[in-house]
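If you want the building blocks of each chain, they are given just below.
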Amino acid sequence: MDLLFMVPLAGSITICVTVYLIWYIFRADRGDEEMQSIAQAIREGAMAFLKRQYTTIALLAIIVAVVLGVISKSGWYTPVSFICGALCSALAGFIGMYVSINANLRTAAAAKKGLDAAIKISFRGGAVTGLSVTALSLLGVAGLFYGFDGINQPERAPLLIVAYGFGASFVALFAQLGGGIYTKAADVGADLVGKVEAGIPEDDPRNPAVVADLVGDNVGDCAGRGADLFESTAAENIGAMILGVALYPAFGINGIMFPLVARAFGLLASIVGIFCVRADETNVKENNPMKYLNIGYAITSVLAIITLYFVTDQMINKDGSGIYFFGCALVGIVTSYLFVLATQYYTDLNHRPVKQIAESCHTGPATTIISGFAFGLESTAMPVIIISAALLISHWLGAKTGLAGGGVYGTAVATMGMLSTCAYILAMDTFGPITDNAGGIAEMSQQPSSVRYITDLLDGCGNTTKAITKGYAIGSAALATFILFAAYLDEVQVLSTGFNRIIDIGKPEVFVGGFLGAMLVFIFTSTAIRAVGKAAQYVIKEVRRQFAENPGIMAGTAKPDYAKCVDIVTVGALKQMVLPGLIVVIFPILVGAILKAEAMGAFLMIATVAGILMALTLNNGGGAWDNAKKRIELGEGYAGKGSEAHKASVVGDTVGDPFKDTAGPSIHVLIKLLSTITLVLAALFV
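Rules behind the numbers
- Residues numbered from 1 in each chain as written.
- Predicted model: local features only at pLDDT ≥ 70, side-chain atom pairs only at ≥ 80, totals over all residues.
- Heavy atoms only, no water.
- Helix = DSSP H or I, 4+ residues; strand = E, 2+ residues; numbered from the N terminus.
- Rg over C-alpha atoms; globule rule 2.2 N^0.38 Å.
- Buried < 20%, exposed > 50% of the residue type's maximum accessible area, 1.4 Å probe, protein only.
- Contact = heavy atoms within 4.5 Å.
- Areas by Shrake-Rupley, 256 points an atom, 1.4 Å probe, with all protein chains shown as cover.
- Lys, Arg positive; Asp, Glu negative; His and termini not counted.
- Charge placed at Lys NZ, Arg CZ, Asp CG, Glu CD.
- Phe/Tyr/Trp six-rings, centres within 6.5 Å; stacked < 30°, edge-to-face > 60°.
- Lys NZ or Arg CZ within 6 Å of the ring centre and 35° of its normal.
- Axes fitted to C-alpha atoms, helices over the stretch in contact; angles between N-to-C directions.
- Parallel < 35°, antiparallel > 145°, perpendicular 65-115°, else oblique.
- Left-handed = near helix turned anticlockwise from the far one by under 90°.
- Nonpolar A, V, L, I, M, F, W, Y, C, P; charged D, E, K, R; others polar.
- Salt bridge = Lys/Arg side-chain N within 4 Å of Asp/Glu carboxyl O.
- Patch = residues over 30% accessible without salt bridge, like charges linked within 9 Å, V, L, I, M, F, W, Y side chains within 5 Å.
- Expected span 1.5 Å × (residues − 1).

(A) Up close: the overall build of the protein. The secondary structure content of the protein amounts to 22 helices and zero strands. Relative to a compact globule of 686 residues, whose C-alpha radius of gyration would be 26 Å, the protein shows 24 Å and is just as compact. By its C-alpha atoms, the protein is 75 × 50 × 40 Å across when sized along the principal axes. Residues classed as buried in the protein amount to 66% of the 686 residues present. Of the contacts formed within the protein by residues at least 6 apart in sequence, a portion of 86% connects residues at least 24 apart. Carbon and sulfur atoms make up 66% of the accessible area of the protein, which totals about 21,900 Å². The protein carries 45 positive and 50 negative side-chain charges, and their two centres are separated by 2 Å.

Right, here's the structure in full:
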């Protein structure tokens, strides 16, 4: 059965559903005038930042496109693909943020009606991002494939669109870095001066940095993550399509287009799961919103399994190979689910790590930081075991088909299985900043405690979903980079007759290449974290200045200058994002040009391994610190807000902020950017 029609059909259905969800959100109650005023300030700040950030990124992207046009051996295909990927990635980030800055107000207003109304608005707001980003990635790759004559030259077209993934990665890196630096600089400044020094609550309207903090949730967790996951899905689709070329004699164009068709069915499964999310109103105080999101995720996963069996049977089934490839897809879905559970265990409010970190807060900031970092390190073990098992099992199942290249293609099918629920996972991610903003709006507009309780519940759940998405992105990146690594070896083998796909780590230059790859991860992490620290200093000084020069702010008789803080963080974040971003783009090109293709293979492999471990540590440690603070604030057996334990938890959360929202999520963009750079520029390294 010819299933290629499913790609445009699923894309069209998804666009229609997205339009409906936008209508559903925008028709909802916008709350009272005070709530609308606060939301307007957030909206203006977010749009102003995004405009300045994208202007900076556009200038850098144009320079890179020109350079690619000069050095590429694929002619105009490479710069065109790069620009298309960059534009679509930027659009994905914009869509994510635009919906978020409108859903936050409506979620806060819906919390007056109850948990069910609030969770529907916030999650469906997140779903707009999840569905639009995934559909845009799918249609963009498919459009370029057909536009580059993929029907008549299916074996050549996937290599011509590799730069699409490079362009997406390039924008995603700067979007994630700039947004991450912004959000955490504002958050750190607001927390340290407001909650610790001045002793006022989080999101207190007297804090001059509070609006900048709420803006940051959108530019970092929505615009940044939207561009990030767009890049993930695009690069992984292209990598799997390249590997499908090796199986062209067996499956024809179906082996190349399978990743896109599988993703199309995954989109439809995610739509069903999204509409299944609703809350039980019988006892709000006993509710954990996470269980309702988990129900939707389970439904999405089951539907994805059913559809993947059908797709593998119809598209990549020769002499019984379909059942083996379905096994690979099943491995990917199970891997995704296990990753979600592992991340949830280390970051959720109700499990051992967060509980123990909250307990350590009673003895001060030092023990809070020690316990959180220790759990961050511990959290790498289970994901590494899960990824390793997934790679080994999927490769074994693929090899059992007896097809040449079947083992590596099996890992590609597993990656498609993991990505089949991507739209739903991304919806959970954007749900986080929407609920965080809703809580800020509720507190700043002085809503009743019953409303704030619901937004706090959702906010705590949102902290977990953001951590889950980061873990999921790391897991999919690990599988995807193996695919891209194999594709790199294939391309170098074609370009160089003396290259036999073996990376000999015993050669000095190859060993050095691997060493430099690990070093890049540490240097990049350092510059990203220091960038937050430098930008946060601007905010801290400004907040202290306003408190000192205008005593009426603390007395509640004068309004702080929110716009000044927003502008300061914007300038600081954009200034600080350039250095780490340029290091990632320039350094691997120099290594490949000097040490050549085999050393570049080692560089890519070791950077991937080091990057995954570093990102897991930062993401999970930071998420656990955040929810330890939230657990104390909810009064779960602790003294609550304003206590010494709470102050210690704020310090831990502040340390974790650049870990989980700047450096951590930027690293998995880094490792995929390295993969796409090596593919695009492989000819330079031979």
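(B) Inspection of the packing of aromatic side chains at higher detail. Summed over all chains, the structure comprises 22 aromatic pairs. Centroid distance Y345 to Y346: 5.0 Å. Interplanar angle 85°. Geometry classified as edge-to-face. Through a chain of ring-to-ring contacts, the aromatic side chains of F123, Y297, Y337, Y424 and F431 assemble into a single cluster. Lying over the aromatic face of F26, R106 brings its terminal NZ or CZ to 4.9 Å of the ring centre. A cation over a ring is seen here: R124 above Y24, with NZ or CZ 4.7 Å from the ring centre.

(C) Examining the packing of helix α10 (residues 289-315) against helix α11 (residues 321-347) more closely. Interaxial distance between α10 and α11 falls to 9 Å at its minimum, and their mutual angle equals 170°. Classified by the angle between their axes, α10 and α11 sit roughly antiparallel to one another. At the point where α10 passes α11, the crossing takes the right-handed sense. Of the residues in α11, those touching α10 at M290, N294, Y297, S301, A304, I305, L308, Y309 and T312 are G322, I323, F325, F326, A329, L330, I333, S336, Y337, V340 and Q344. Taken together, the residues of the contact of α10 with α11 sort by class into 14 nonpolar, six polar and no charged.

(D) A look at the pattern of salt bridges. Summed over all chains, the structure comprises 15 salt bridges. Across the salt bridge formed by K120 and D116, the nearest N and O atoms sit 3.3 Å from each other. Of the two residues, K120 and D116 are both situated in helix α4 (residues 115-147); the distance of four residues between them amounts to about one turn of the helix. One salt bridge connects E542 with R545, and the closest N-O pair in it is separated by 2.6 Å. Here E542 pairs with R545, and both are found in helix α18 (residues 508-549), just three residues apart, close to one helical turn. For E542, a relative accessible area of 6% puts it in the buried group. The class for R545 is partly exposed, based on a relative accessible area of 33%.

(E) How the structure looks around unusual backbone geometry. The phi angle at D149 is positive, at roughly 65°, despite the residue not being glycine. By the element assignment, D149 lies in the loop between α4 and α5 (157-160). Here D149 falls in the partly exposed class, since its relative accessible area comes to 29%. Here K596, not a glycine, exhibits a phi torsion of approximately 80°, which is positive. Note that K596 resides in helix α20 (residues 562-633).

(F) Focus on a nonpolar patch on the surface. A grouping of I62, I63, V66, V67, V70, I71 and L684 is seen on the molecular surface, where their side chains present a nonpolar patch of about 620 Å² in accessible area. With six residues, the top contributor of residues to the nonpolar patch is helix α2 (residues 33-71). With respect to the element layout, I71 can be found in helix α2.

(G) Broad picture of helix α17 (residues 449-495). Taking 1.5 Å per residue, 47 residues should reach 69 Å; α17 reaches 66 Å between its end C-alpha atoms and fits that length. Within α17, 39 of the 47 residues are buried, which leaves it mostly tucked inside the rest of the structure.

(H) How the structure looks around the packing of α2 against helix α3 (residues 77-110). Remark: α2 packs on α3, axes separated minimally by 10 Å, with the N-to-C direction vectors making an angle of 175°. Judged by the inter-axis angle, α2 sits roughly antiparallel to α3. Looking at the contact of α2 with α3, its residues break down into 21 nonpolar, seven polar and one charged.

(I) Quick look at the side chain of T129. If you trace the backbone, T129 turns up in helix α4. Excluding residues within four positions of it along the chain, T129 makes contact with G96, L426 and T430.

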